[in-house]
Amino acid sequence: RGEPRLAGRRVVVTSGPTHEPIDPVRYIANRSSGKQGHAIARALAALGAEVTLVSGPVALPDPAGVRTVHVETAREMLAAVEAAMPSDAAVFCAAVADWRTDGAGAEKMKKEAGGGPPALRLVENPDILATVARRAEGRPALVVGFAAETTKVLEHARAKLARKGCDWIVANDVSAATGVMGGDRNTVHLVTGEGVESWPTMDKDAVARALAERIADALKDRQWV
Ligand code: C5P
């Protein structure tokens, strides 16, 4: 029948890196391109979902048919995700910086002659996935996290599922030889409470479409408030 599978469902997706300022001109960043998260937002929208994409700084266009909210830091990302709640599902694809500097200065740090390099004091950022997955009220019915690992991919993914309190972990091997970071293809394992499904290597759009279909399957028989 004509009704799209995710019609009327609200989904929040995070994507890209976060930037954590050191001073007005410098920041801490990582190599996430946002390709996989943006593809997931597009694939969910293609199934009729009402998607809010919370994106860190990326060099990608805003996907059509998706409400995109642009943020820089982890704390801004958490606030934007909370503002987009309630949702039926949430997919946390962003590579959130684990640490931010303890109070970025308002002025540019100066290289003083003979002064030596400054020490950065880092403090922990909020864990957005764990915060949402452990919400006492208004938790999305399905919370999906990602695990980018370079060793013991499945072992770490299973541990992460338990530690973060999410329903699924999409685990991928991002060791340099795989070319996943910034590349167009991805090899993922879907880790759920039931077990592990290893998917063949696909381009990131195909991974996104397959994941969107699985999300539609999971939400199919649920009742909504
Ligand atoms: O702990 P780790 O960063 O490996 O976990 C990755 C998963 O947790 C991803 O889904 C990522 O989007 C999410 N995450 C988050 N907030 C953080 C750190 C990670 O949402 N501060």
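Residues numbered from 1 in each chain as written. Predicted model: local features only at pLDDT ≥ 70, side-chain atom pairs only at ≥ 80, totals over all residues. Heavy atoms only, no water.

- Looking up the protein chain in an unreviewed UniProt entry gives the name Coenzyme A biosynthesis bifunctional protein CoaBC, with the organism given as Alsobacter ponti.

### Things to note about the overall build of the protein chain
- When you go through the protein chain residue by residue, the secondary structure sums to 5 helices and 14 strands.
- Its C-alpha atoms give the protein chain principal-axis dimensions of roughly 70 × 35 × 35 Å.
- By residue count, 45% of the 225 residues in the protein chain fall in the buried class.
- Of all intrachain contacts in the protein chain linking residues separated by at least 6 positions in sequence, the fraction that spans at least 24 positions is 64%.
- For the protein chain, the exposed surface amounts to about 11,900 Å²; the carbon and sulfur share of it is 50%.
- With 29 positive and 28 negative side-chain charges, the protein chain shows a separation of 2 Å between the mean positions of the two kinds. (Helix = DSSP H or I, 4+ residues; strand = E, 2+ residues; numbered from the N terminus. Buried < 20%, exposed > 50% of the residue type's maximum accessible area, 1.4 Å probe, protein only. Contact = heavy atoms within 4.5 Å. Areas by Shrake-Rupley, 256 points an atom, 1.4 Å probe, with all protein chains shown as cover. Lys, Arg positive; Asp, Glu negative; His and termini not counted. Charge placed at Lys NZ, Arg CZ, Asp CG, Glu CD.)

### Some thoughts on unusual backbone geometry
- Of note, the amide linkage connecting M85 to P86 takes the cis form, showing an omega dihedral of 0°.
- Within the element layout of this structure, P86 appears in the loop between α2 (74-83) and β6 (89-92).
- Unusually for a residue other than glycine, K152 sits at a positive phi of about 40°.
- K152 gets classed as exposed once you look at its relative accessible area, which sits at 55%.

### Let's talk about the sheet that holds strand β5 (residues 67-70)
- Taken together, 8 strands build an open sheet; the order of strands is β5-β4-β1-β6-β9-β10-β12-β13 and the sheet is mixed. Edge strands, defined here as strands with exactly one partner in the open sheet, are β5 and β13 (196-198). Across this sheet, the average inter-strand angle for adjacent strands is 15°, counted without regard to direction.
- Its contacts with the sheet place helix α1 (residues 35-46) against β1 (10-15), β4 (50-55), β6 and β9 (142-149), and it is angled at close to 165° to β1. (Pairing = 2+ DSSP bridges. Axes fitted to C-alpha atoms, helices over the stretch in contact; angles between N-to-C directions.)

### Remarks on the nonpolar core
- Formed by 34 residues in total, the largest nonpolar core has its most connected members in V13, I40, L44, V51, V91, L211 and I215.
- Counting only elements with at least two residues in this core, the list comes to β1, α1, β4, β6, β9, β10 (168-173), β12 (188-192) and α5 (204-219).
- Here this core gets 8 residues from one element, more than from any other, and that element is α5.
- Once residues within four sequence positions are removed from consideration, V51 is found in contact with V11, V13, A41, L44, A45, V66 and R67.
- In this structure, M77, V81, F92 and V143 belong to the second largest nonpolar core, which totals 25 residues. (Core = buried A, V, L, I, M, F, W, Y, C linked by side-chain atoms within 4.5 Å.)

### Points about the pairing of β1
- Among the 6 residues of β1, 5 are classified as buried, and the element is accordingly described as predominantly covered.
- For β1 and β4, the ladder comprises 6 bridges, and the chain directions are parallel. Within the sheet, the bridge partner assigned to V12 lies in β4 and is T52.
- Where β1 meets β6, 4 bridges bridge the pair, whose relative direction is parallel. Within the sheet, the bridge partner assigned to V13 lies in β6 and is V91.

### A look at the site of the ligand
- Lining the immediate environment of the ligand, one finds F92, A94, V96, P126, D127, I128, L129, G145, F146, K160 and K164.
- Contact between the ligand and A94: an oxygen atom at 2.7 Å from a main-chain N or O atom of the residue.
- In the environment of the ligand, a nitrogen atom lies 2.9 Å from a nitrogen or oxygen atom belonging to the backbone of I128.
- Alone, the ligand offers 450 Å² of accessible surface; in the complex the protein occludes 86% of this.
- Those elements that place two or more of their residues in the shell around the ligand are α3 (128-133), β9 and α4 (153-164).
- Tallied by class, residues from the shell around the ligand come to 7 nonpolar, 1 polar and 3 charged. (Near = heavy atom within 4 Å. Polar contact = N/O pair within 3.5 Å; in protein donor to acceptor, adjacent residues only side chain to side chain. Nonpolar A, V, L, I, M, F, W, Y, C, P; charged D, E, K, R; others polar.)

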